[in-house]
Amino acid sequence: MHRRLDYRTVTLREDGRAIRIIDQTRLPQQVVFCDLETQEQIRHAIYTLQVRGAPAIGVTAAYGLALAAGEIDARDRDGFMGQLADKKAYLAAARPTAVNLFWALDEMETFAAGLCYRDPKQMAADMLQRAREVEAQDVRVCRRIGENGLVLLQDGWGILTHCNAGQLAAVLYGTALAPVYAGAERGYTFHMYCDETRPLLQGARLTAFEMRAAGIDTTLLCDNMAATAMARGDIQAVLVGADRIAANGDTANKIGTLGVAILAQHYGIPFYVCAPLSTFDPCCESGADITIEQRPGTEISEMWYKQPMAPAEVKLYNPAFDVTPAALITGIVSEYGVARAPYTHSIPALFAARKRQPV
């Protein structure tokens, strides 16, 4: 598969004592690596979007809890597990919507609980190795999503994406952008259209940066220009990522995704969600059950300006995500294939496939 950038978004530092990430708040002007050594630094990095994207958050959380385990001072296994639960809760509070955060923390805690010996130091060491496996698994999973998604696309298509679901949202390959890179490897000539993605501009700062680094023909547009691009016939498919997928197929993704899905349905354009099984939440019945993170209003009125661009007394509404109903989604691309309506049948089939042959 084509590799856009020659470094990993999230990995463990060589000495095993810190998480090394690309600080995404500094892109595209600077590529800056940060080492997260403390739990406070790790949680802050997740909350402030230094590291973002559901898969990347999951890998960061796995390493974060493993490093936290190494700091535990306990005499026995029970004391170790009690302190680990506290540290897990601390990291889980960083962001409420991206299910990969909770999936990774649960995965690490379950792994620790399954260890049969009682030496806390050995338990911490094994947890760190398990976190390495989570990172490696993310790479394999995203490659598979790329291959499964590519069969839905045709050479020469114009493809619209919203927010960033590429390498910067994972470890190496991303989710929604993985099919694009799989196509580039085979000589496909896609034209990418990137919504800027207000208010944090993930499309302008991150997706456009990735696309250009890969030499992909790319056009950046304001979020409110997507309808015009579709009406002109520039867009033949929409690819987006996800932060949580409910059991019925309702999908939470970056704010503005719902509007894109509505437009795609109006113009008869296929709308695909690309996400690993770790982003599916079988315990969440529908999108109505998904908690939507509310971000500071100053991200709208002040963040990118030298001076405030709204009246001081105006109310500000800044949800980080919206929910796209399953009825607007043409298909959900996972590492185990493409789920289609009715999702209450096709999503369980993906989980059954994982039991038969894990990636």
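Further up the page is the structure itself.
Everything numeric here is computed off the predicted structure, so don't read it as measured data. (Residues numbered from 1 in each chain as written. Predicted model: local features only at pLDDT ≥ 70, side-chain atom pairs only at ≥ 80, totals over all residues. Heavy atoms only, no water.)

The geometry of helix α2 (residues 54–70) relative to helix α4 (residues 99–113) is characterised by a closest axis approach of 7 Å and an angle of 30° between their N-to-C directions. Considering the relative orientation of α2 and α4, their crossing is right-handed. Taken together, the residues of α4 that come into contact with α2 (itself represented by Ala54, Pro55, Ile57, Gly58, Ala61, Ala62, Leu65 and Ala66) are Asn100, Leu101, Ala104, Leu105, Met108 and Glu109. Looking at the contact of α2 with α4 residue by residue, the class counts come to 11 nonpolar, 2 polar and 1 charged. (Axes fitted to C-alpha atoms, helices over the stretch in contact; angles between N-to-C directions. Helix = DSSP H or I, 4+ residues; strand = E, 2+ residues; numbered from the N terminus. Left-handed = near helix turned anticlockwise from the far one by under 90°. Contact = heavy atoms within 4.5 Å. Nonpolar A, V, L, I, M, F, W, Y, C, P; charged D, E, K, R; others polar.)

Let us look at helix α7 (residues 202–213). Over its 12 residues, α7 extends 15 Å from the first C-alpha to the last, a length consistent with the 16 Å expected when each residue adds 1.5 Å. The inward-facing, buried residues of α7 abut β4 (158–161), α6 (178–185), β5 (191–195), β6 (217–221) and β9 (251–254). Looking one or two residues past α7, glycine 215 carries a phi angle of roughly 75°, positive in sign. (Expected span 1.5 Å × (residues − 1).)

For the rest of this paragraph, the subject is the nonpolar core. In terms of nonpolar packing, the biggest core is built from 56 residues, with Leu160, Val238 and Phe271 touching the most fellow members. It is helix α11 (residues 343–356) that provides the largest number of residues to this core, a total of 5 residues. Discounting chain neighbours no more than four positions away, the residues touching valine 238 are Leu160, Met230, Val260, Ala264, Ile269, Pro270, Phe271 and Tyr272. Membership of the second largest hydrophobic core comes to 46 residues, among which are Leu12, Ala56, Leu84 and Tyr173. (Core = buried A, V, L, I, M, F, W, Y, C linked by side-chain atoms within 4.5 Å. Buried < 20%, exposed > 50% of the residue type's maximum accessible area, 1.4 Å probe, protein only.)

Everything listed is a geometric property; what it means functionally is a separate question.
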